[in-house]
Amino acid sequence: MAAIVRLSSVCRRGVKPLFYQGALLARPLVVPHKYQEQSYQLTARIHASQALNASSGSKAASLHWTAERVVSILLLAIGPVAYINPCSAIDYSLAAALTLHGHWGIGQVLTDYVHGDAKIKMANAGLFLLSTVTFAGLCYFNYNDVGLCKAIALLWSK
């Protein structure tokens, strides 16, 4: 494992070692047989991913992960604020945060369980449609009715 970590630190600097040219790295592994005293030498193959390459410098996944955590913490903070001080700004920010949180969550479920190019495209189109309708519906409810904060307070009061 230390060799892989060391190899990745070298590759990120733009230096490509000679033995890294192939897609597989191999190292010997000695495994003793259960009922014999003789050891057998096997070869363990480690697949080197493209993330170790110097050309992959995208921080999009890290920023997306951070944004998901920020929205989750924001939702935790908006709850008490919405109960203490219900106003239209809180209503609309709650609508946006809930829609975004749901969109990202369902998107992860689709990523894990939907396979095939056509199915993925249809599922993503359905997700964008669902998220758009959800946000539009929550904004319509905020504008034409009592708003999310007061609606939740009314549900809790009964």
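Thresholds applied
Residues numbered from 1 in each chain as written. Predicted model: local features only at pLDDT ≥ 70, side-chain atom pairs only at ≥ 80, totals over all residues. Heavy atoms only, no water. UniProt positions renumbered as here; feature names shortened; annotations may be inferred. Buried < 20%, exposed > 50% of the residue type's maximum accessible area, 1.4 Å probe, protein only. Contact = heavy atoms within 4.5 Å. Core = buried A, V, L, I, M, F, W, Y, C linked by side-chain atoms within 4.5 Å. Helix = DSSP H or I, 4+ residues; strand = E, 2+ residues; numbered from the N terminus. Polar contact = N/O pair within 3.5 Å; in protein donor to acceptor, adjacent residues only side chain to side chain. Salt bridge = Lys/Arg side-chain N within 4 Å of Asp/Glu carboxyl O. Expected span 1.5 Å × (residues − 1). Axes fitted to C-alpha atoms, helices over the stretch in contact; angles between N-to-C directions. Parallel < 35°, antiparallel > 145°, perpendicular 65-115°, else oblique. Left-handed = near helix turned anticlockwise from the far one by under 90°. Nonpolar A, V, L, I, M, F, W, Y, C, P; charged D, E, K, R; others polar.

(A) Summary view of the UniProt feature "binding site: heme b" (unreviewed entry) in the protein chain. On the UniProt side, "binding site: heme b" (unreviewed entry) is annotated at positions that read His101 here. Overall, the relative accessible area of 36% leaves histidine 101 in the partly exposed class. Histidine 101 has contacts with Val71, Ser72 and Leu75, leaving out every residue within four places of it along the chain.

(B) Summary view of the nonpolar core. Counting twelve residues, the largest nonpolar core consists of Val71, Leu75, Ile78, Ala82, Ile90, Leu94, Ala95, Ala97, Trp104, Leu138, Leu148 and Cys149. Among the elements that make up this core, the one with the highest residue count is helix α3 (residues 88–113) (five residues).

(C) Region of interest: the side chain of glutamate 68. Here glutamate 68 shows up in helix α2 (residues 60–84). Only 2.9 Å separates the side chain of glutamate 68 from the side chain of histidine 64, close enough to count as a polar contact. Not counting the four nearest positions on each side in its chain, glutamate 68 is found in contact with Trp104 and Gln108.

(D) Structural context of the pattern of salt bridges. Applying the stated criterion across every chain yields a total of one salt bridge. A salt bridge links arginine 69 to glutamate 68; its shortest N-O distance comes to 3.2 Å. Among the residues examined, arginine 69 registers a relative accessible area of 36% and is labelled partly exposed. The buried category is assigned to glutamate 68, whose relative accessible area is 13%.

(E) Looking closely at the UniProt feature "binding site: a ubiquinone" (unreviewed entry) in the protein chain. Under the present numbering, the feature "binding site: a ubiquinone" (unreviewed entry) in UniProt falls on Tyr113. Mapped onto the elements, tyrosine 113 comes out in helix α3. Residue classification places tyrosine 113 among the exposed positions, given a relative accessible area of 66%.

(F) Up close: α3. An ideal rise of 1.5 Å per residue puts 38 Å on 26 residues; α3 measures up with 37 Å between its terminal C-alpha atoms. Inspection of α3 places Ile90, Asp91, Leu94, Ala95, Ala97, Thr99, His103, Trp104, Gly107 and Leu110 among the buried residues, and these make up the whole buried set. Buried positions along α3 lie against α2, α4 (117–144) and α5 (148–157).

(G) Main features of the side chain of histidine 103. By the secondary structure assignment, histidine 103 is in helix α3. Since its relative accessible area comes to 15%, histidine 103 is described here as buried. Apart from the residues lying within four places of it in its own chain, the contact partners of histidine 103 are Leu127, Phe128 and Ser131.

(H) Just the packing of α3 against α4, in detail. Interhelical geometry of α3 versus α4 gives an angle of 165° and a closest axis separation of 10 Å. In terms of orientation, α3 lies roughly antiparallel with respect to α4. The two elements α3 and α4 cross, and the hand of that crossing is right-handed. Contact residues: α3 offers Asp91, Tyr92, Ala95, Ala96, Thr99, His103, Ile106, Gly107 and Leu110, while α4 offers Ala123, Asn124, Leu127, Phe128, Leu130, Ser131, Thr134, Phe135, Leu138, Cys139, Asn142 and Tyr143. Among the residues making up the contact of α3 with α4, the classes are represented as 13 nonpolar, seven polar and one charged.

(I) Region of the structure containing the packing of α2 against α3. Running from N to C, α2 and α3 point in directions that differ by 140°, and their axes come no closer than 10 Å. Considered as vectors, α2 and α3 are oriented oblique to each other. Between α2 and α3 lies a crossing of left-handed hand. Contacts between α2 and α3 involve His64, Ala67, Glu68, Val71, Ser72, Leu74, Leu75, Ile78, Val81 and Ala82 from the first element and Ile90, Ser93, Leu94, Ala97, Leu98, Leu100, His101, Trp104 and Gln108 from the second.

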